[in-house]
Amino acid sequence: MNILRRSVVLKLWLIMVTLVLIILYITGVLQTAKLRQLYYNQQLELLTGEAKHISTIKNINDQNMNVNLLSTLAGAFKGNIMVINKQGYIVHCIGMGMSMKNVAGEKISVVGHHDLPWKKSDLQAIMQGKTVSYRGAYHFLNSDVLTVAVPLYNEGQVTGAVMLSSPLGPIEERIGTLQRNTLYAGMIGIVLATVLSLLLSRTISRPLLKMHRAARSMAFGDYSRRVEVKSQDEIGLLANSLNTLAAELQEKITTLERLDKTRREFVANVSHELRTPLSIIQGYTEALMDGMAESEAERNKYLADIHEEILRLRRLVAEILDLRKIEAGRLEMKTREVSLAHLASQVFKQFQALAKDKQITASLDFVPGSYTVKVDPDRIKQVLINLIDNAVRVTPPGGQVKVSLKEFKDTVQVSVTDSGPGILPEEQPLIWERFYKVDKSRARTGGGTGLGLAIAKNIIEAHGGSIDVSSKPGRGSTFYFVIPK
Ligand code: ADP
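Residues numbered from 1 in each chain as written. Predicted model: local features only at pLDDT ≥ 70, side-chain atom pairs only at ≥ 80, totals over all residues. Heavy atoms only, no water.

Visitor: Would you mind going over the sheet that holds strand 10 (residues 400–407) in detail, with residue names and values included?
Guide: Within the open sheet, the five strands sit side by side as 8-10-11-13-12. Their pairing is mixed. Edge strands, defined here as strands with exactly one partner in the open sheet, are strand 8 (361–366) and strand 12 (466–471). On average, adjacent strands in this sheet sit at an angle of 15° to one another, irrespective of strand direction. Bridge count between strand 8 and strand 10: six bridges; the pairing is parallel. (Pairing = 2+ DSSP bridges. Helix = DSSP H or I, 4+ residues; strand = E, 2+ residues; numbered from the N terminus. Axes fitted to C-alpha atoms, helices over the stretch in contact; angles between N-to-C directions.)

Visitor: Describe in detail helix 9 (residues 377–394), supporting the description with residues and values.
Guide: For helix 9, spanning 18 residues, the distance from its first C-alpha to its last is 26 Å, which sits close to the expected 26 Å at 1.5 Å a residue. Residues Pro377, Arg379, Ile380, Gln382, Val383, Leu384, Asn386, Leu387, Ile388, Ala391 and Val392 constitute the buried set of helix 9. (Expected span 1.5 Å × (residues − 1). Buried < 20%, exposed > 50% of the residue type's maximum accessible area, 1.4 Å probe, protein only.)

Visitor: Let's hear about the packing of helix 8 (residues 340–357) against helix 9: which residues, and what values?
Guide: Direction vectors running N to C along helix 8 and helix 9 enclose 40°, while the axes themselves pass 10 Å from each other. On the basis of the axis angle, helix 8 is oblique to helix 9. The two elements helix 8 and helix 9 meet at a crossing, and its hand is right-handed. Seen from helix 8, the contacting residues are Leu340, Leu343, Ala344, Gln346, Val347, Gln350, Phe351 and Leu354; seen from helix 9, they are Pro377, Ile380, Lys381, Leu384, Ile385, Ile388, Asp389 and Val392. When grouped by side-chain class, the residues that make up the contact of helix 8 with helix 9 number twelve nonpolar, two polar and two charged. (Parallel < 35°, antiparallel > 145°, perpendicular 65-115°, else oblique. Left-handed = near helix turned anticlockwise from the far one by under 90°. Contact = heavy atoms within 4.5 Å. Nonpolar A, V, L, I, M, F, W, Y, C, P; charged D, E, K, R; others polar.)

Visitor: Explain the environment of Gln128 residue by residue, including any values.
Guide: Relative to the assigned elements, Gln128 resides in the loop between helix 4 (120–127) and strand 4 (132–138). The class of Gln128 is exposed, set by a relative accessible area of 60%. Once the C-alpha coordinates of Gln128 and Ile26 are considered, the two residues, 102 residues apart in sequence, prove to be 42 Å apart.

Visitor: Tell me about a positive patch on the surface, residues and numbers included.
Guide: On the surface, Arg202, Arg206, Lys210, Arg213 and Arg225 cluster together into a patch of positive charge. Positionally, Arg206 belongs in helix 5 (residues 169–219). (Patch = residues over 30% accessible without salt bridge, like charges linked within 9 Å, V, L, I, M, F, W, Y side chains within 5 Å. Areas by Shrake-Rupley, 256 points an atom, 1.4 Å probe, with all protein chains shown as cover. Salt bridge = Lys/Arg side-chain N within 4 Å of Asp/Glu carboxyl O. Lys, Arg positive; Asp, Glu negative; His and termini not counted. Charge placed at Lys NZ, Arg CZ, Asp CG, Glu CD.)

Visitor: Now, about unusual backbone geometry: what can you tell me, with residues and values included?
Guide: The phi dihedral of Asn102 is positive, around 50°, even though this residue is not glycine. Within the secondary structure, Asn102 sits in the loop between strand 3 (98–100) and helix 4. One non-glycine residue, Lys107, lies in positive phi territory at about 55°. Along the chain, the position of Lys107 falls in the loop between strand 3 and helix 4.

Visitor: I'd love a proper account of the packing of aromatic side chains, names of residues and values included.
Guide: What describes a pair of aromatic rings is the distance from one ring centre to the other and the angle between the planes of the rings. What the rule picks out here adds up to four aromatic pairs. Summarising the aromatic geometry, the rings of Trp432 and Phe479 are spaced 5.8 Å apart at their centres and angled 70° between planes, so their arrangement reads as edge-to-face. Within this pair, whereas Trp432 is found in the loop between strand 11 (411–418) and helix 10 (442–446), its partner Phe479 is found in strand 13 (residues 477–484), the two being separated by 47 residues in sequence. Of the two residues examined, Trp432 and Phe479, each falls in the buried class. (Phe/Tyr/Trp six-rings, centres within 6.5 Å; stacked < 30°, edge-to-face > 60°.)

What follows is the structure in structure tokens.
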């Protein structure tokens, strides 16, 4: 029972075998019954015909007749012929080991004689001209027999009856053969069921076991395992789902792990980012309190440095809060129709001085057009600032930064190209994540928070647009975003 509970194939095998046996049993029983019925009917017809024939023999119930003919006939059909007279007394009884001839004078009644099956009512029926038949054990003749009794007529009057009995041996033999054949069929059925089960185990059990192993590996944290099932049936579907599940889980878990790592790095970074300006502020303030600044100019320089560090801290905090709001979808957008070219020009101007300082050639490039989009101008400006700021920051002296705009039927595209170090292909998907920084050491000097691109992506996507980068290490990068009109 335990092993049954463990194996689908064994269950199927048992079901198939039971089915085969039940069907064979039912067909066997039905066929046997039908065959018997057919045989009896046929036999009955034959016997009745024969009995009627015999009943036409002249003076058959005359107790002095010559019964040689009857003996021959009984021998020919290997049965028994019995003739009785009107009173129910046996006149002749010949065949099947009997040889009572011309015994009417002995007044042996057919009813109650030995264990002949006849009853008084049968006799009455026969004498009224009816044909009566009996089928079953007939000990007196030592066999299962079929008997039919037909009335004898003389000038329209019933004068007695002829009773023919024929042993039922042959049919039982044939039924025996049939039953044996059914048994063989049953055995073949069991063999077939076994073969089928083995085949099924290939198509059902094996894939299921494979899936089981894959699921177990997943439980132990290995999501790389895939189930190879080519069938398109329910099992194939399940295997496919399992594979998809594994792939998705793998992806989700990798993302989660990466996010977790980024977050941990962020905590380290933020504490560092906070610690640096805080210690600078602390140092300068203490210096001021100790009266170490000797001139007004020196004191102002200290204050200016302190102020700059405070601004830096504010920016960091503001960016984190902003990002959280955008990500939570709480940032309300104040959209209106504006020209993207106009916004780009505004931001571009802010960076011109910085670019010039760094000896970077900066250019803004677009063919005249409306570039009208419905956006939150402050947010889009923020995106432009983040992109251009990054570009100017990474570009070495002598390099170029180019901002260009293109207008299409339904969209406006803005791209910011720099001649900086570029981004490794494997880092390109990662730079959009919060707090992700390509060059960890740059964070200390460059003042980046690793949030700029994450914010930009969030803002662009909130506008129904998309943002991406194309870059080759050593050849600079192009960041571009598309806003629907
Ligand atoms: P940050 O505020 O630190 O610049 P960002 O989210 O803007 O953060 O950028 C994420 C990372 O992508 C940074 O480490 C930065 O070095 C890198 N990156 C951004 N823009 C460029 C660029 N134009 N060229 C090369 N690297 C870039």
